[in-house]
Amino acid sequence: MTAIAPVPGAAGRRGLSDAEWARLRPVLPPRARTGRPRRDERSVIDALLWLARTGAPWRDLPERYVPWRSVATRFYRWTRSGLWERILSALRSIADARGQIDWEVHMVDATSVRAHRHAAGARGGQHSQALGRSRGGFGSKLHLRCDRHGRPMAFVLTPGERNERTALPELMARGAVHRGGRGRPRLRPRMVVGDRGYTGRPARDFLRRRGIAAVIPQLRTERRPRLVDWDLYRERNVVERLVGRLKEYRRIATRYDKLAACYLAFIQLAAIRMWL
């Protein structure tokens, strides 16, 4: 059975351990030398993890953490600056340098996320914020790619009615791992495993043009028979378990944020915890 990096359950409410903070601190941006001294980053991240785990409103943040306005201000500032993705990129690079990323096989999947009524009403319309209506109701669809160990490599957020195939090109274009030196970042695995939501000629041709083998079952309506490595396909439960671990965070299982960038930031925060 493929090993998966463990993610503590109640630890998401307790905050970062000393060992996790020791691994995270070097990849955080340095503090500014001028201006007012900032709040301790560890306290802010612990507060954000509590909010992600419980799904509570900002104002319900317990008093033992940093004041909620300070946490919210820092969260929005970091989200606008793209800090979460930079941290993920740095952690992936460190893991790759240690040989901890499996580039042989990656798994892809998508999951529907119901949106709370508070998530509606952002400027620009619901589609601009990755919200739509599908058979599962009003919400978003989270597309994700992980390696063979169940570690998240890339995320794409779309309106709920979007098909998995339409998000595959963007999903495969994200999650590049920068390596030391002047070489190109590593992006493509040797094989991609997906369910029947990715079947069809467009997805297969897209992967084939990039030299990636597709392990995707075909539909009964497809005329041309294709061989599938069913032993490898059974390992796809790795990405399904990743979805389950992400949805242990209530703020991810249900979308409360109006802005797609803010909802994706909490997903990236949970992914950072998995890489620590």
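Keep in mind that this is a model prediction, so the values were computed, not measured.

The rules behind each value
Residues numbered from 1 in each chain as written. Predicted model: local features only at pLDDT ≥ 70, side-chain atom pairs only at ≥ 80, totals over all residues. Heavy atoms only, no water. Salt bridge = Lys/Arg side-chain N within 4 Å of Asp/Glu carboxyl O. Helix = DSSP H or I, 4+ residues; strand = E, 2+ residues; numbered from the N terminus. Buried < 20%, exposed > 50% of the residue type's maximum accessible area, 1.4 Å probe, protein only. Contact = heavy atoms within 4.5 Å. Axes fitted to C-alpha atoms, helices over the stretch in contact; angles between N-to-C directions. Parallel < 35°, antiparallel > 145°, perpendicular 65-115°, else oblique. Left-handed = near helix turned anticlockwise from the far one by under 90°. Nonpolar A, V, L, I, M, F, W, Y, C, P; charged D, E, K, R; others polar.

> Sorry, what's going on with the pattern of salt bridges here?
Taken as a whole, this structure holds 16 salt bridges when the rule is applied. Measuring nitrogen to oxygen at the nearest pair gives 2.5 Å for the salt bridge that ties E104 to R190. Note that E104 is positioned in the loop between α5 (83-97) and β1 (105-115) and R190 in the loop between α6 (164-173) and β5 (191-193), a separation of 86 residues in sequence. R190 sits in the partly exposed class, given a relative accessible area of 45%. For E240, the salt bridge goes to R236, with nearest N and O atoms at 2.4 Å. In this structure E240 comes out as partly exposed when scored by relative accessible area, which is 39%. It is possible to trace a salt-bridge network through shared partners that takes in D109, D195, R236 and E240.

> What is the right way to read the environment of P185 from this model?
Its location among the elements puts P185 in the loop between α6 and β5. Judged by its relative accessible area of 37%, P185 is partly exposed. For the pair formed by P185 and S93, sequence separation is 92 residues and the distance between their alpha carbons is 9.5 Å. Those residues in contact with P185 that lie beyond four places of it in its chain are A176, V177 and H178.

> What is the right way to read the packing of helix α3 (residues 41-54) against helix α11 (residues 260-275) from this model?
Angle between the axes and distance between the axes: these two values describe a pair of packed helices. Between α3 and α11, whose axes approach to 10 Å, the crossing angle comes to 110 degrees. Here α11 runs roughly perpendicular to α3, going by the angle between their axes. In this structure, the crossing between α3 and α11 has a hand that is left-handed. Contact residues: I45, L48, L49 and A52 in α3; F266, L269 and R273 in α11. Partitioned by chemical class, the residues of the contact of α3 with α11 number six nonpolar, no polar and one charged.

> Which parts of the structure should I look at to understand the side chain of T111?
Mapped onto the elements of the fold, T111 is located in strand β1. Owing to a relative accessible area of 13%, T111 belongs among the buried residues under this scheme.

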